[in-house]
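Okay, here's what each chain looks like letter by letter:
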Amino acid sequence: DTRLDGRVALVSGGARGLGEAFARALHAAGASVVIADLLDDDAGRLAAELGDRALATHLDVTSQESWAAAVDATLGAFGTVDVLVNNAGIANAGPIDHYPVAKWDAVIAVNLTGVFLGVQAVVPTMKAAGRGSIVNISSVEGMLGGSHLHGYVASKFGVRGLTKSLAVELGPDGIRVNSVHPGFVQTSMTSRLDPTAVPIPLGRPALPADVAGTVVFLASDDSAYTTGTELVVDGGMIA
Ligand code: NAD
């Protein structure tokens, strides 16, 4: 696969789970990848395994300073940033009458403010280059409600809306912005959930790699005329 030859991709939360699968797939398609995560050891191991064209860097998506440092590290290593995958996320849950504001604040800070800060950090470079692709990882919970998932659902609907305002604003600069909405994916985020609790027409929960092809498509020129859209990758869960 040579679709991303010469391109540079930064993946937030790239050390494990979906982000790891995205980093591996982008790298396999020819991109240089930056694995940006709180988990420095896991990110470092993955970068070492990928070898050439891979860099691990520390990132806390809730911090503007941390984003600036991660983008600086990317520019220092690879000279530009063509693709940003805003993947880092957390989940929490609880009935609304026992859902402390601290839980709400935490999930909004990582899942929504983290995306906003990531976009702000890369847009100057992408504008100067006259091109870029931003892929925001939302969820089926950004399309439908989910009991007890108040902050999570609000953050993922927020990511979907932010994607559209950015697509409209940044299209004239050659920057595309799209959202991806995975269903039930087997990662540490879902390890305590029962995958049979929700019917999935394709008959099984997703593995992280099942979502990666969509991210490579949105990162590459195969989707050159696709912006402001939402791609659901859920085995038919919400069909
Ligand atoms: P995960 O917990 O396995 O991985 C999340 C990664 O994000 C971890 O490496 C973690 O260290 C990193 N991270 C968390 N907070 C961070 C921060 N403040 N700064 C930088 N990195 C941070 O979870 P996952 O299932 O791989 O989820 C990845 C994304 O996919 C999330 O946005 C999640 O909401 C979304 N998603 C997951 C599913 C699913 O079923 N697993 C479904 C739909 C959407």
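Structure first, text after, so check above.
All residue numbers refer to positions counted from 1 along the written sequence of the respective chain. Local features in this predicted model are restricted to residues whose pLDDT is 70 or higher, and side-chain atom pairs enter the listing and the counts only when it is 80 or higher, whereas totals over whole chains, interfaces and linings include all residues. Excluded from the side-chain calculations are hydrogens and water; all other atoms, namely the structure's heavy atoms, are used.

J.: It is not clear to me how the site of the ligand should be interpreted in this structure. Could you clarify?
T.: The environment of the ligand is made up of 28 residues, and the closest members are L18, D37, Y152, V185 and T187. Contact between the ligand and L59: a nitrogen atom at 3.3 Å from a main-chain N or O atom of the residue. Counting of polar contacts relies on pairs of N or O atoms within 3.5 Å, with two restrictions inside protein: one atom must be capable of donating a hydrogen and the other of accepting it, and residues adjacent in sequence are counted only when both atoms are side-chain atoms. Contact between the ligand and T187: an oxygen atom at 2.5 Å from a side-chain N or O atom of the residue. In the complex, the protein chains occlude 95% of the 830 Å² of accessible area that the ligand would expose alone. The way it works is that DSSP assigns letters per residue, a run of H or I at least four long becomes a helix, a run of E at least two long becomes a strand, and they are numbered from the N terminus. Among the secondary structure elements, those contributing two or more residues to the shell around the ligand are α1 (17–28) and α5 (150–170). Lys, Arg, Asp and Glu make up the charged group, whereas Ala, Val, Leu, Ile, Met, Phe, Trp, Tyr, Cys and Pro make up the nonpolar group; the residues left over, Gly among them, are polar. Partitioned by chemical class, the residues of the shell around the ligand number 14 nonpolar, 10 polar and four charged. Any residue with a non-hydrogen atom lying within 4 Å of a molecule or strand is treated as near it. To be clear on the numbers: accessible area is Shrake-Rupley with a 1.4 Å probe, and residue cover counts the displayed protein chains and nothing else.

J.: When you look at the environment of Q64 in this model, what are you seeing that I'm missing?
T.: Within the element layout of this structure, Q64 appears in helix α3 (residues 64–78). Q64 sits 52 residues away from F116 along the chain, and the two C-alpha atoms are 9.8 Å apart. In this analysis, two residues are considered to be in contact whenever any of their non-hydrogen atoms come within 4.5 Å of each other. When near neighbours in sequence (up to four residues on either side) are disregarded, Q64 contacts L117 and Q120.

J.: Even after reading the chapter, I still don't get the environment of A212, so can you show me in this structure?
T.: Its place among the elements puts A212 in helix α6 (residues 209–219). Residue exposure (1.4 Å probe, protein chains only): buried if accessible area is under 20% of the type maximum, exposed if over 50%, otherwise partly exposed. The class for A212 is buried, based on a relative accessible area of 5%. Taking the C-alpha atoms as reference, A212 lies 26 Å from A93; in sequence the two are 119 residues apart.

J.: Please clarify how α3 should be interpreted in this entry.
T.: Residue pairs three or four apart in sequence face the same way in an α-helix, which turns once every 3.6 residues. In this model, α3 (15 residues) spans 21 Å end to end at C-alpha, consistent with the 21 Å of a helix rising 1.5 Å per residue. Sitting at the amino-terminal end of α3 is S63, which places a side-chain oxygen 3.3 Å from the backbone nitrogen of E65. Where α3 ends, the next residue or the one after it, G79, has phi of about 90°, a positive value. By definition here, a helix of n residues has an expected span of 1.5 Å times n minus one.

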